[in-house]
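What follows is each chain in one-letter form.
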Amino acid sequence: MSETNNFKIIGNVEDFPEFPAHVKLNNQPYYIVEAPRKADEEQRYNLISAICPHAGGIVRPHLNELICPLHYWCFDKATGESTNIPGEQLDCSPLEVRDGQFLLQA
């Protein structure tokens, strides 16, 4: 990972053939996920923390959710919003795709 013009390069798009894709950023676990979009929009992506806000467990993909194995808090895999605990959410940031790379605004 490197930085360019206030963006951190997460990696090459071609290196992530399936989503959610597990990545580490600053030694912390994250997932690159396909973000919600309208039918006529190009695919967008989010970077979602893999650390549950409840007890710090590492969430794992299961069907359309990210689930914490410690206490089964569940999160939408596209947005990080909790599906079973109102008001909770995984940290989520939009990614840009530029020149074949995923970029995170620094």
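It should be noted that the structure appears before, not after, this text.
Since we're looking at a predicted model, the values are computed, not measured.

Chemist: How should I be thinking about the overall build of the chain in this particular structure?
Modeler: Within the chain one finds 0 helices and 10 strands. Across the chain, helices and strands are ordered from the amino to the carboxyl terminus as β-β-β-β-β-β-β-β-β-β. Here the C-alpha atoms of the chain give a radius of gyration of 14 Å, agreeing with the 13 Å that 2.2 N^0.38 yields for 106 residues. Referenced to the eigenvectors of the C-alpha coordinate spread, the extents of the chain come out at roughly 40 × 35 × 25 Å. Of all 106 residues assigned to the chain, the portion counted as buried reaches 36%. Within the structure as shown, the chain displays about 6700 Å² of accessible surface, and the carbon and sulfur contribution to it stands at 43%. Side chains of the chain give 8 positive and 15 negative charges; the mean places of these two sets differ by 2 Å.

Chemist: What exactly am I supposed to notice about the packing of aromatic side chains here?
Modeler: Two numbers describe a pair of aromatic rings. These are the distance of the centres and the angle of the planes. What the rule picks out here adds up to 4 aromatic pairs. Ring centres of Y45 and F102 lie 5.0 Å apart, and the angle between their planes is 75°; this geometry places the pair in the edge-to-face category. With Y45 in strand 5 (residues 45-49) and F102 in strand 10 (residues 101-105), the pair connects residues that are 57 residues apart, well separated along the chain. According to the relative accessible area criterion, Y45 is buried, its value standing at 13%. Members of the aromatic cluster, joined through ring pairs, are F16, F19, Y45 and F102. In this structure, R98 is placed above the aromatic ring of F7, and the distance from its NZ or CZ to the ring centre is 4.7 Å.

Chemist: In this structure, what is going on with the pairing of strand 10? I would like to understand it.
Modeler: Regular strands place their side chains on alternate faces of the sheet. Of the strand pairs in this sheet, strand 2 (residues 7-12) and strand 10 are connected by 5 bridges, and their pairing is antiparallel. Within strand 10, the position partnered with G11 by the bridge is F102. In this sheet, strand 10 lies alongside strand 9 (residues 92-98) in antiparallel orientation, the contact comprising 4 bridges. Opposite E96, over in strand 10, you have L103 as the bridge partner.

Chemist: I'm lost on the environment of T83 in this one. Help?
Modeler: Residue position: T83 is located in the loop between strand 8 (74-76) and strand 9. Judged by its relative accessible area of 43%, T83 falls in the partly exposed class. On a C-alpha basis, the gap between T83 and E65 in space is 8.2 Å, while along the polypeptide they are 18 residues apart. Sequence-distant contacts of T83, defined by excluding residues within four places in its chain, comprise E65, C74, F75 and D76. A distance of 2.4 Å separates the side chain of T83 from the side chain of E65, its partner in a polar contact.

Chemist: Would you explain the sheet that holds strand 8 in this entry?
Modeler: Either a parallel or an antiparallel arrangement is found when strands of a sheet pair, and the pairing is made through backbone hydrogen bonds. Spatial ordering of the open sheet is given by 6-7-8, a layout of 3 strands whose pairing is antiparallel. The open sheet is flanked by strand 6 (60-62) and strand 8, the only strands paired with a single partner. Along the sheet, successive strands turn relative to each other by an average axial angle of 35°, direction set aside. Where strand 6 and strand 7 (residues 65-67) come together, 3 bridges link them in antiparallel fashion. When the bridges of strand 7 are listed, P61 appears paired with L66.

Cut-off values and rules
- Residues numbered from 1 in each chain as written.
- Predicted model: local features only at pLDDT ≥ 70, side-chain atom pairs only at ≥ 80, totals over all residues.
- Heavy atoms only, no water.
- Helix = DSSP H or I, 4+ residues; strand = E, 2+ residues; numbered from the N terminus.
- Rg over C-alpha atoms; globule rule 2.2 N^0.38 Å.
- Buried < 20%, exposed > 50% of the residue type's maximum accessible area, 1.4 Å probe, protein only.
- Areas by Shrake-Rupley, 256 points an atom, 1.4 Å probe, with all protein chains shown as cover.
- Lys, Arg positive; Asp, Glu negative; His and termini not counted.
- Charge placed at Lys NZ, Arg CZ, Asp CG, Glu CD.
- Phe/Tyr/Trp six-rings, centres within 6.5 Å; stacked < 30°, edge-to-face > 60°.
- Lys NZ or Arg CZ within 6 Å of the ring centre and 35° of its normal.
- Pairing = 2+ DSSP bridges.
- Contact = heavy atoms within 4.5 Å.
- Polar contact = N/O pair within 3.5 Å; in protein donor to acceptor, adjacent residues only side chain to side chain.
- Axes fitted to C-alpha atoms, helices over the stretch in contact; angles between N-to-C directions.

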